[in-house]
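Listed here are the chains, written in short residue letters.
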Amino acid sequence: MSTLPTGRDALAGHYPRLPEPTLRVNFIASADGAVSVDGLSAGLQGPGDKEVFDTLRTVCDALVVAAGTVRAERYDALRLTSEDRAWRTAMGLPEFPLMVIVSGSLDLDPAQLIFSDAPVRPIVLTSRAAPSDSPIAEVAELVRVGDQQVDLAAGIAALHERGATQLLCEGGPGLLGSMIAADLVDELCLTVAPLLAGGSAGRIAHGPGTPPRRMALRHALTREDMLFLRYGRPRV
């Protein structure tokens, strides 16, 4: 097993942009499968995790996250370091990726930094049944896909039409479960923390039942007992 490298170029080589449209999911869990400690993922973090987290954000075109995760994890604006912005511009990419939030109810705080400090106006994927007079429309672009609930496949297609083909999802578990059910997930990047968390914490995905789909291991890296796994659709 190889050691997780340091440096943006080396890490980007392990988590590359791909020639085809790709929805990549990034999660962390304990060795016994807990997705959080005391309700937050921060309790699972360890050596190397933040570097992978930042690299995945740097190489993507858009970051997709559920409204519940935005609220629970108190998401800030999607800002990158000067080093990461320079890497993106050198690659011919916009300085910042798009921030995309999935929300059926539009129950979001327009004053939260994810909106009020955003370097690029965020996009909110919502349904046509969502309130038409939401204050979120003043701080984000609403893209309505689906009648009564958000049509994730249509939302992903809408992002592709904007040129955002390298997508990163950070959850939460409900959004990941729905994406798995819709067969939208192309890659899973899973960090395993060397902890036994116990308790009542959930797993990284929950949602509609679906037949299991096999994934192929792309790499297994480690640093100080943290394990970094990358799975993708089997190549044909």
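Residues numbered from 1 in each chain as written. Predicted model: local features only at pLDDT ≥ 70, side-chain atom pairs only at ≥ 80, totals over all residues. Heavy atoms only, no water.

Student: What am I meant to see in the state of the cysteines here?
Tutor: Each disulfide consists of one covalent bond between the sulfur atoms belonging to two cysteines. All told, the structure shown has zero disulfides when counted by the stated rule. Not engaged in a disulfide, the cysteine Cys 169 finds its nearest cysteine sulfur in Cys 60; these two sulfurs lie 11 Å apart. You can call Cys 169 buried: its relative accessible area is 0%. In this structure Cys 189 is not part of a disulfide, and its nearest cysteine sulfur, from Cys 60, lies 11 Å away. (Disulfide = S-S within 2.5 Å. Buried < 20%, exposed > 50% of the residue type's maximum accessible area, 1.4 Å probe, protein only.)

Student: How do you make sense of the pattern of salt bridges when you look at a structure like this?
Tutor: Close approach of charged atoms allows side chains of opposite charge to pair. According to the stated counting rule, one finds 14 salt bridges in the structure shown. Ionic pairing is found between Arg 17 and Asp 61, a salt bridge with its closest N-O pair at 2.9 Å. In this pair, Arg 17 sits in the loop between helix H1 (8–14) and strand E2 (22–30) while Asp 61 sits in the loop between helix H2 (49–59) and strand E3 (62–66), placing the two residues 44 residues apart along the sequence. Look at Asp 61 and you get buried, because its relative accessible area is 11%. Arg 162 is the partner of Glu 141 in a salt bridge, and the nearest nitrogen-oxygen pair spans 2.5 Å. You can see Glu 141 sitting in strand E6 (residues 141–144) and its partner Arg 162 sitting in the loop between helix H6 (152–161) and strand E7 (166–169), a full 21 residues away along the chain. Under the relative-accessibility criterion, Glu 141 is labelled partly exposed at 30%. Overall, Arg 162 belongs to the partly exposed group, its relative accessible area being 44%. (Salt bridge = Lys/Arg side-chain N within 4 Å of Asp/Glu carboxyl O. Helix = DSSP H or I, 4+ residues; strand = E, 2+ residues; numbered from the N terminus.)

Student: What should I look at first to understand the packing of H2 against helix H4 (residues 82–90) in this one?
Tutor: Axis angle and axis distance: for two packed helices, these are the angle between their axes and the distance between the axes, and together they describe the pair. Packing of H2 against H4 leaves a shortest axis separation of 10 Å and a crossing angle of 35 degrees. Note on packing geometry: the crossing formed by H2 with H4 is right-handed. The residues of H4 that touch H2, namely those facing Asp 54, Arg 57, Thr 58 and Val 59, are Asp 84, Trp 87 and Arg 88. Looking at side-chain class alone, the contact of H2 with H4 contains two nonpolar, one polar and four charged residues. (Axes fitted to C-alpha atoms, helices over the stretch in contact; angles between N-to-C directions. Left-handed = near helix turned anticlockwise from the far one by under 90°. Contact = heavy atoms within 4.5 Å. Nonpolar A, V, L, I, M, F, W, Y, C, P; charged D, E, K, R; others polar.)

Student: What am I meant to see in the pairing of strand E5 (residues 123–126) here?
Tutor: Side chains on a regular strand alternate between the two faces of the sheet. On E5, burial covers both faces: Ile 123 and Leu 125 on one face and Val 124 and Thr 126 on the other are all buried. The pairing of strand E4 (residues 98–102) with E5 spans three bridges and is parallel. Considered in E5, the bridge of Ile 101 is made with Val 124. Pairing between E5 and E6: four bridges, direction parallel. (Pairing = 2+ DSSP bridges.)

Geometric values such as these leave the question of function open.
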